[in-house]
Amino acid sequence: MTYGAIAELAKQWVEEAGDLLRESLSNQSLKIEEKTNASDLVTEMDRSIEAFFVEKIREHFPHHKIFGEEGTYDDITDMSGFIWIIDPIDGTLNYVKQKSNFCSMIALFEDGEGVVSFINDVINNDIYMGVKGHGVFRNDDQLKPIPDHSINEGLIAISTKMVTKETAITQELVNDTLGVRLIGSAGLEMIQVLTNRVSAYVTNELNAWDIAQGYMMATELGLSFTTREGKAVNLLTKNPIVVANPKAHQEIISKFMKE
Ligand code: 2AM
Ligand code: CA
């Protein structure tokens, strides 16, 4: 099956999951539990959307491996072969508190390289899709390449933990830009960079399911996506990341290397 054919099939699953998520917003008795702390939540929808994707993948691609936030871990010790990475709801705290600003994401990697990827901006009903060799799309529109520019010409997005735990470098970074924007969903923050609404996204350590989908799309669009040390992302561990156009990316990495 070509990457395009896989994407066509997976797009139907992503659309169906988006419908289920929109319908769930009117559920008054949604079950919510804390994971590690009061700001780290999981709902019955995180679990059921992951189960939905897992069922579809197993049905169509029984030999592919799966790595999902809510507990689907096949025996994955390296990135060889086909691996699906799932974040059923990215920004669960927003899903619960705001009923907006969350997304649903899946990506397929082949031998460590992202080949098909989806980020569904559920409330805006915008599905972002990356297909290796074909580009990145918002619904039917292809995203344009982003002109190289300095961080002082644009906005920066950062993860919330950088504000509370890394104040000095965060202040320095923000002072060099036109301003800072925070959403609280890594997927939607990466979309901001992919659509050139912010120039860069910088984070503390995030898991594979938070970044894999944006990583695939950013790479396809010619953006730089690395750890804060400028090293290649390793999806088998957590990574603090910088994603930006190559010029802004280099400026940000230089700041981290001076720390
Ligand atoms: P999630 O909603 O899928 O958990 C919020 O700043 C961003 O960080 C979201 O993308 C959120 O994803 C992620 N996140 C929340 N808690 C986290 C944790 N303990 N470790 C890593 N990422 C986390
Ligand atoms: Ca999640």
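Criteria and thresholds
Residues numbered from 1 in each chain as written. Chains lettered and ligands numbered in written order. Predicted model: local features only at pLDDT ≥ 70, side-chain atom pairs only at ≥ 80, totals over all residues. Heavy atoms only, no water. UniProt positions renumbered as here; feature names shortened; annotations may be inferred. Salt bridge = Lys/Arg side-chain N within 4 Å of Asp/Glu carboxyl O. Helix = DSSP H or I, 4+ residues; strand = E, 2+ residues; numbered from the N terminus. Buried < 20%, exposed > 50% of the residue type's maximum accessible area, 1.4 Å probe, protein only. 1 Å grid on protein atoms, 1.4 Å probe; cavity = no way out; pocket = protein on both sides within 12 Å on 5 of 7 lines; lining within 4 Å. Pairing = 2+ DSSP bridges. Axes fitted to C-alpha atoms, helices over the stretch in contact; angles between N-to-C directions. Contact = heavy atoms within 4.5 Å. Donors = N, O, S within 2.8 Å, 3.2 Å for Na, K, Ca; no water.

The name an unreviewed UniProt entry gives the protein chain is Inositol monophosphatase family protein, with Jeotgalibaca arthritidis as the organism. Per UniProt, the protein chain has the following entry under Cofactor (unreviewed entry): "Mg(2+)".

A.B. asks: Tell me what's going on with the pattern of salt bridges, and back it up with residues and numbers.
C.D. replies: Scanning all chains against the criterion turns up 10 salt bridges. Note that Arg-47 is salt-bridged to Glu-33, the shortest N-O span being 3.3 Å. With Arg-47 in helix 2 (residues 44–60) and Glu-33 in strand 1 (residues 32–34), this residue pair connects regions lying 14 residues apart in the sequence. A residue is classified by how much of its surface remains accessible, and Glu-33, at 42% relative accessible area, is partly exposed. Lys-132 is the salt-bridge partner of Glu-113, the closest N and O atoms lying 3.6 Å from each other. In this pair, Glu-113 is assigned in strand 6 (residues 113–121) and Lys-132 in the loop between strand 7 (126–131) and strand 8 (135–138), connecting sequence segments 19 residues apart. Under the relative-accessibility criterion, Glu-113 is labelled partly exposed at 42%. Put simply, Lys-35, Glu-69 and Glu-70 are held in one network by salt bridges that share partners.

A.B. asks: Please give an account of the UniProt feature "binding site: Mg(2+) 1" (unreviewed entry) in the protein chain that cites residues and values.
C.D. replies: Per the UniProt record, the feature "binding site: Mg(2+) 1" (unreviewed entry) sits at Glu-69, Asp-87, Ile-89 and Asp-210. Sequence-wise these annotated residues cover 142 residues; spatially they are packed, their C-alpha atoms never more than 9.7 Å apart. Residues from the annotated list that form part of the lining of the largest pocket: Glu-69, Asp-87, Ile-89 and Asp-210. Inspection of the secondary structure puts Glu-69 in the loop between strand 3 (65–68) and strand 4 (82–90).

A.B. asks: Could you give me a rundown of the sheet that holds strand 12 (residues 200–206), with the residues and numbers involved?
C.D. replies: Across a sheet, paired strands are connected by hydrogen bonds in the backbone, their directions being either parallel or antiparallel. Read across the open sheet, the 5 strands follow the order 11-10-12-14-13; overall the sheet is mixed. Looking at which strands have only one partner, the edges of the open sheet turn out to be strand 11 (179–181) and strand 13 (224–227). Strand-to-strand twist across the sheet, computed as the mean angle between neighbouring axes with direction ignored, equals 20°. The strands that helix 6 (residues 186–194) touches are strand 10 (155–158), strand 11, strand 12, strand 13 and strand 14 (239–244); relative to strand 12, the one it contacts most, it runs at about 155°.

A.B. asks: Lay out the coordination of the calcium ion (ligand 2) in plain terms, naming residues and giving numbers.
C.D. replies: Ideal geometry at a metal centre: 109.5 degrees between donors when four sit tetrahedrally, and 90 or 180 degrees when six sit octahedrally. The coordination sphere of the calcium ion (ligand 2) contains the protein donors Glu-69 (OE), Asp-87 (OD) and Ile-89 (O), at a distance range of 2.0 to 2.3 Å. Donor residues for the calcium ion (ligand 2), ordered by position in the chain, follow E-x17-D-x1-I. Separated by 18 residues along the polypeptide, Glu-69 in the loop between strand 3 and strand 4 and Asp-87 in strand 4 bring together distant segments of the chain.

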